Amino acid sequence: MKQFTFILIILLSAYASHAQLSFSGRITNENDGKGIANAAVSLTNGNNSYYQLTDENGFYQFTNLASENYRICITHISYDSTCESILVDKNMVYNISLRPANYTTETAIVNVVRANGKNPSVTTYLDKEEIIKTDQGKDFPYLLDMTPSTVISSDAGNGVGYTGVRIRGIDPTRVNVTINGIPLNDAESQGVYWVDLPDLTSSTQNVQVQRGVGTSTNGGAAFGSSINIKTDIVPSQYSKVLNFGFGSFNTQRLSAAYSTGRLKNNWAFLFRGSLIESDGFIDRASSELLSTNLAASKYWKKAVFKANLLFGNERTYQAWWGIPQPKFEQNTPELNRYINQLWITGNDLQNLQQSNSKTYNYYTYENEVDDYNQNHYQLFYDYHFNKKLTFSSAAYTTTGKGFYEQFRPKDDLSFYNLQNQIVGNDTFTTADIIRRRWLKNVLVGGLASLNYNVKKMEASMGLGYNTYFGNHFGEAIATEFTAYEALNSLYYDNNSRKGDGNVYAKLQYKLKHFYPYLDVQYRTISYHFEGFDNQNEAKNYSVNYGFFNPKAGFLFEKRFTQLYAFYARGNREPVRDDFRNSKNGNWPMAEQLDDIETGYKLKRKRTMLGLNVYYMNYKNQLVLTGAINDVGEAIRQNVAKSYRRGIEAEFQCALSKSLQLGGNLTLSQNKIVDFIETIYEWDDDYETFTNTYKNTNISFSPSIISAAQLGYKVNPNFTLNIHSKYVSKQFLDNTQSENRMLPSFHYTDVSINYSTDQFKGIKKTTLSLFFNNIFNQSFAPNGYTFGGILQNQRADFNYVFPMAGFNWMLKIRIEL
């Protein structure tokens with residue numbers, strides 16, 4: 001609580017500097033001297049970024065700047081870009097002429113799913129400079145750790161391997177993620193397995209996070225947030241970038257990128273390869289991660305073609321079962337209850353008792369690994385009919401293949417279609433089994449949009465469709481009576497197919513200071529899969545959904561302020577596990593969300609203040625029960641009525657020329673109106689009991705999330721940053737019981753960045769040192785629970801996924 005109080009004091013003590021410098025000018029056409037409208041002008045220094053579009057006559061103006069060096073970049077789709085460093089030490093007028101380009105720039109399909117600067121949806125934007133500064137080589141979600149309403153977790157405890165992100169308390173399966181406008185969420189589980197695309201951060205140009213339903217996008221509906229990733233633009237100049245890193249838990253990273261620049265035939269090529277290895281914080285939770293990114297672009301006067309290929313391969317030791325909470329908290333009497341009531345004996349008991357309380361891993365079999373590769377093939381083509389009308393398109397294929405291997409003690413041989421084993425005079429019907437559970441899948445799809453942009457109106461319409469094919473099968477590869485991989489006994493095999501299509505139209509208009517916005521989408525889903533009937537027997541089924549998702553809002557902007565309001569409806573289908581975890585034919589229902597967002601933003605005197613109020617009203621929300629299945633996937637159930645409402649505040653300001661302060665705070669209520677809990681008696685006949693609760697907290701939904709950041713610029717090449725975060729308690733299930741809860745936690749990270757100027761052929765060298773959790777806090781942002789009735793008393797068993805204590809990472813980035 002002291003940490004939270006400290007963060008609040010920082011947030012409330014912010015004040016603006018008194019810099020009053022003005023920097024303005026006009027952007028013109030080199031050929032005729034006419035002003036260029038809608039040219040993007042960005043102004044950056046080490047701590048701040050300013051951005052605006054030129055008006056209809058090519059004029060721009062930045063006010064209230066500090067006296068220091070800036071880098072100004074000017075871009076326009078029809079002109080050559082230019083960047084220059086400039087000292088702003090007085091009120092200045094900076095005019096520049098641009099040369100018309102004889103080819104278009106990068107493809108624009110990603111813009112279709114993003115909110116622009118005049119859109120009323122709630123967004124956070126991370127640019128390339130901030131991504132480079134933040135990147136430690138951890139999985140992609142760690143880039144978002146300081147964004148509002150966000151909680152990050154890691155199975156391995158150090159951010160390398162399986163990680164998850166919850167936004168506004170909403171689980172990852174309801175966060176819509178796209179790469180260049182193409183859906184990344186797995187079509188069946190709707191989750192995003194970031195470990196399948198290692199070091200994606202190194203290939204990321206920028207990220208936009210839209211909280212709430214947001215604008216219409218491709219793939220599954222956004223029920224908590226959408227994360228829109230744009231991969232690197234192929235640089236117009238020849239370049240090489242090398243990244244080296246090493247740190248705690250034997251974590252090592254090597255990444256290299258090479259760009260040809262724009263060649264004479266208007267082709268350009270880019271290559272990036274990465275290797276990341278780590279032992280993990282949790283025992284044996286090691287990772288071996290490989291990835292490659294290949295990109296090629298061809299430019300014409302009115303068109304651009306781009307191919308973007310992403311290849312990832314991961315081999316990760318499993319840490320899916322977490323740590324018993326009393327083991328983590330060193331509560332010996334309670335741990336003994338777990339041991340007795342869960343019948344933990346033999347090697348499992350020895351492992352539990354002898355392991356470190358913070359790093360215990362249930363798995364001890366040497367090859368208990370997840371081994372998977374995922375490849376993304378993306379093709380884009382844009383054509384510019386004129387300055388007003390643009391056609392954008394994309395075709396894509398995503399393939400995946402892999403397994404997780406498991407050791408199963410004393411399983412029934414017949415379950416794996418294996419014959420009883422006869423050894424001497426003994427017949428064995430059970431044996432130690434080594435099995436692999438496989439997934440082979442492919443997603444094939446396409447997108448197209450038509451975009452019309454004039455002085456006062458921006459309109460787009462488009463469509464997208466993809467088909468998913470999944471093959472799930474399992475095989476026993478060995479028993480205690482055979483050699484390793486001596487068997488190939490198939491014990492289950494089922495296929496699935498899912499079609500997902502959508503059509504949408506968006507319209508935004510400008511009425512002086514007023515920007516109304518309208519967005520409508522229709523989405524259709526057909527899904528064929530294996531599920532369970534009333535007798536719990538697996539059979540093939542088909543379900544079909546059709547969803548209409550309207551959105552509307554407005555933004556009012558005048559001088560330094562913005563006022564907005566936004567309404568959006570989202571509908572979302574259940575996922576594969578929802579069907580398979582629902583026994584006796586009690587199938588899950590589709591969810592519906594009505595989301596209202598309204599807010600205010602102020603940008604003045606190098607100060608930004610944002611306040612957003614949201615109300616998310618759900619029908620049949622699929623909430624986490626707190627339990628997981630045998631591979632660590634969360635189990636969910638429908639609740640008829642529930643809601644999330646809250647206030648999100650964020651700010652940024654300069655305390656002085658060298659000192660920058662920022663932060664955010666989320667206060668929320670996340671409630672289920674009526675919740676019915678089902679619990680089973682474990683002693684004899686497994687009798688079922690139900691308990692009814694009123695207005696309970698939704699699981700994994702903290703009521704307070706806050707973050708503070710302090711940056712100090714020693715000189716243009718040397719910066720120091722401090723990040724601190726607080727997350728209040730989270731309930732593991734939906735009964736709001738203190739017996740099934742994750743305590744609140746806080747942590748503080750420090751990073752140091754030092755860069756050198758051009759020297760002997762090296763454009764820039766940056767040395768970054770990250771000190772994470774500097775106060776060595778012990779905490780767990782994620783967990784699960786299960787329980788039953790034993791001897792007429794309730795028995796609960798909580799497990800947690802703790803994060804590493806103090807750890808460090810060193811990164812060296814060399815630009816050639």
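Scroll up to find the structure.
Residues numbered from 1 in each chain as written. Predicted model: local features only at pLDDT ≥ 70, side-chain atom pairs only at ≥ 80, totals over all residues. Heavy atoms only, no water.

**Notes on the overall build of the protein**
And step 1. Within the protein one finds seven helices and 45 strands.
And step 2. Across its three principal directions, the C-alpha atoms of the protein cover 95 × 55 × 55 Å.
And step 3. Counting across all 816 residues of the protein, residues that qualify as buried make up 56%.
And step 4. Taking all contacts inside the protein whose residues are at least 6 apart in sequence as the whole, residues at least 24 apart take part in 67%.
And step 5. Each charge class in the protein can be summarised by its mean position, and for the 79 positive and 75 negative side chains these summaries are 13 Å apart. (Helix = DSSP H or I, 4+ residues; strand = E, 2+ residues; numbered from the N terminus. Buried < 20%, exposed > 50% of the residue type's maximum accessible area, 1.4 Å probe, protein only. Contact = heavy atoms within 4.5 Å. Lys, Arg positive; Asp, Glu negative; His and termini not counted. Charge placed at Lys NZ, Arg CZ, Asp CG, Glu CD.)

**Some points on the nonpolar core**
And step 1. Among the nonpolar cores identified, the biggest contains 29 residues, and F140, V177, W194, V207, I227 and I229 are the most heavily contacted of them.
And step 2. Elements with a minimum of two residues in this core: β10 (150-154), β11 (163-167), β12 (175-179), β14 (204-211), β15 (225-231) and β41 (745-756).
And step 3. Apart from residues no more than four positions distant in its own chain, V207 is found in contact with R114, T124, Y125, L126, I131, F140, L144, I227 and N228.
And step 4. If you look at the next biggest cluster of nonpolar residues, it comprises 22 residues, including L21, Y50, I72 and M92. (Core = buried A, V, L, I, M, F, W, Y, C linked by side-chain atoms within 4.5 Å.)

**Things to note about the environment of S153**
And step 1. Assignment of secondary structure puts S153 in strand β10.
And step 2. Through-space distance from the C-alpha of S153 to that of V165 is 6.5 Å; in sequence the pair is twelve residues apart.
And step 3. Not counting residues within four places of it along the chain, the set of residues in contact with S153 comprises Y142, Y162, T163, G164, P781, N782 and M803.

**Details of the pattern of salt bridges**
And step 1. Applying the stated criterion to the full structure yields 31 salt bridges.
And step 2. Through salt bridges with shared partners, a single network forms among R168, R211, E597, E648 and E650. (Salt bridge = Lys/Arg side-chain N within 4 Å of Asp/Glu carboxyl O.)

**Describing the sheet that holds strand β21 (residues 323-324)**
And step 1. Spatially, the three strands line up as an open sheet ordered β21-β44-β43, and their pairing is antiparallel. Each of the sheet's edge strands pairs with one partner strand only, and the pair in question is β21 and β43 (782-790).
And step 2. Pairing analysis gives two bridges linking β21 to strand β44 (residues 793-801), with the strands arranged antiparallel. Residue pairing for β44: P324 is matched across the bridge by Y799. (Pairing = 2+ DSSP bridges.)

**Some points on the packing of aromatic side chains**
And step 1. Throughout the structure, instances matching the rule amount to 49 aromatic pairs.
And step 2. The interplanar angle of 80 degrees and the centroid separation of 5.2 Å between the aromatic rings of W320 and Y404 together place this pair among those described as edge-to-face. Here Y404 lies in strand β23 (residues 389-412) and W320 lies in the loop between β20 (303-317) and β21, a separation of 84 residues in the sequence. Considered together, W320 and Y404 belong to a single accessibility category, that of buried residues.
And step 3. Aromatic pair Y365 and F407: ring centres 5.9 Å apart, planes at 35 degrees, arrangement tilted. With Y365 in the loop between α6 (346-354) and β22 (369-384) and F407 in strand β23, this residue pair connects regions lying 42 residues apart in the sequence.
And step 4. Looking at Y365, the relative accessible area reads 15%, which means it is buried.
And step 5. For F407, a relative accessible area of 34% corresponds to the partly exposed category.
And step 6. Directly above the ring of F328 sits K358, whose terminal nitrogen or CZ lies 5.3 Å from the centroid.
And step 7. Stacked on the ring of Y504, the Lys or Arg K506 has its end atom at 5.4 Å from the ring centre. (Phe/Tyr/Trp six-rings, centres within 6.5 Å; stacked < 30°, edge-to-face > 60°. Lys NZ or Arg CZ within 6 Å of the ring centre and 35° of its normal.)

**A closer look at the sheet that holds strand β3 (residues 49-53)**
And step 1. The strand order across the open sheet formed by four strands is β3-β2-β5-β6, and the pairing between neighbours is antiparallel. Strands at the two margins of the open sheet, each flanked by one partner only, are β3 and β6 (79-88). Adjacent strand axes in the sheet meet at a mean angle of 15 degrees when their direction is disregarded.
And step 2. Note that strand β2 (residues 40-44) and β3 share five bridges and pair antiparallel. The partner of T44 across the bridge, within β3, is S49. (Axes fitted to C-alpha atoms, helices over the stretch in contact; angles between N-to-C directions.)

**Let's talk about a nonpolar patch on the surface**
And step 1. Together, Y509, L511, F514, F556, L563, Y600, L611, V613 and I647 make up a nonpolar patch on the protein surface, roughly 740 Å² of accessible area in all.
And step 2. Take I647: it is sitting in strand β34 (residues 634-654).
And step 3. Residue I647 is classed as partly exposed on the basis of its relative accessible area, which comes to 39%. (Patch = residues over 30% accessible without salt bridge, like charges linked within 9 Å, V, L, I, M, F, W, Y side chains within 5 Å. Areas by Shrake-Rupley, 256 points an atom, 1.4 Å probe, with all protein chains shown as cover.)

**Describing a positive patch on the surface**
And step 1. A contiguous patch of positive charge on the surface is contributed by K512, K558, R559 and R604.
And step 2. Of note, R559 is situated in the loop between β30 (538-558) and β31 (561-572).

**Comments concerning a negative patch on the surface**
And step 1. Residues D683, D684, D685 and E687 make up a contiguous surface patch of negative charge.
And step 2. Looking at where D684 falls in the secondary structure, it is placed in the loop between β35 (659-680) and β36 (688-697).
And step 3. Taking relative accessible area as the criterion, D684 reaches 66% and is therefore assigned exposed.

**Quick look at the pairing of β20**
And step 1. Where strand β19 (residues 287-299) and β20 come together, 13 bridges link them in antiparallel fashion. Directly across from A295, in β20, lies its bridge partner N308.
And step 2. Between β19 and β20, which follow one another and run antiparallel, lie three residues.

**So, the state of the cysteines**
And step 1. All chains considered together, the criterion is met by one disulfide.
And step 2. C73 shares a disulfide with C83; S-S distance 2.2 Å. Taking the torsion about the S-S bond as the criterion, the C73 to C83 disulfide, at about 120 degrees, is right-handed. Here C83 lies in strand β6 and C73 lies in strand β5 (residues 68-76), a separation of ten residues in the sequence. (Disulfide = S-S within 2.5 Å.)

**Remarks on the pairing of strand β42 (residues 764-772)**
And step 1. As paired elements, β41 and β42 share seven bridges and run antiparallel to each other. Along β42, the bridge assignment pairs Y754 with L767.
And step 2. The pairing of β42 with strand β45 (residues 807-815) spans nine bridges and is antiparallel. Paired with T766 across the bridge in β45 is R813.

**Details of α6**
And step 1. Buried within α6 we find L349, N351 and L352. Summarising the axial view, the buried residues of α6 lie within an arc of 160 degrees, below the 170-degree limit, and thus occupy one face. Residues of α6 that are exposed and point more than 90 degrees away from the buried face comprise G346, N347 and Q354.
And step 2. Summarising the contacts, the buried residues of α6 are in contact with β21, α4 (325-328) and α5 (332-341). (Arc of directions from axis to C-beta.)

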